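Coordinates in review
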Amino acid sequence: QVQLVESGGGSVQAGGSLKLSCAYSGYISRICGMGWYRQAPGLEREVVSSINSAGTTGYGDSVKGRFTISQDNAKNMLYLQMNILKTEDTAVYYCAARALGTDALCRPSYWGQGTQVTVSS
């Protein structure tokens, strides 16, 4: 079965950096990419960054210029380098595998358990 396990979360001061890792395994039908998502208390889960099977990346507006997504398919690893962290980045961060739906849209379909990132001022 599909498994995704995040690691690397923790506490950091504003302006600092943190790198998250996601180890994934299992066969995913119609996989089209991977992504990082986050959810802060009281807020909806939002996309942080995505990468498709061709290596094309995308970022949420709030993290553009600060975060970088990368993938090592040979090692089945996904990473999120987070720089210039802000208190607003505090959230549980989730790794997800994205798959094509019947509408041909690439959506997150399998999720990791999440890792807490806390940014203090």
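One structure accompanies this document, and this report is about it.

What follows deals with the environment of V47. Tracing the sequence through the fold places V47 in strand β5 (residues 46–52). Not counting residues up to four positions away in its chain, the partners in contact with V47 are W36, Y37 and G60.

A few words now on the side chain of S21. Structurally, S21 is set in strand β3 (residues 18–25). We classify S21 as buried; its relative accessible area is 15%. Setting aside anything within four residues of it in sequence, one finds S21 in contact with V5, E6, S7, W36, M77, L78 and Y79.

Bringing the sheet that holds strand β1 (residues 3–7) into the picture now. An order of β1-β3-β8-β7 is seen for the 4 strands of this open sheet, with the pairing classed as antiparallel. The open sheet has two free edges, formed respectively by β1 and β7 (67–72), since each of these has just one partner strand. Averaged over all pairs of adjacent strands, the angle between strand axes in this sheet comes to 15 degrees, irrespective of strand direction. The sheet contact formed by β1 and β3 spans 5 bridges and is antiparallel. When the sheet's bridge partners are listed, L4 is paired in β3 with Y24.

About the criteria used
Residues numbered from 1 in each chain as written. Predicted model: local features only at pLDDT ≥ 70, side-chain atom pairs only at ≥ 80, totals over all residues. Heavy atoms only, no water. Helix = DSSP H or I, 4+ residues; strand = E, 2+ residues; numbered from the N terminus. Contact = heavy atoms within 4.5 Å. Buried < 20%, exposed > 50% of the residue type's maximum accessible area, 1.4 Å probe, protein only. Pairing = 2+ DSSP bridges. Axes fitted to C-alpha atoms, helices over the stretch in contact; angles between N-to-C directions.

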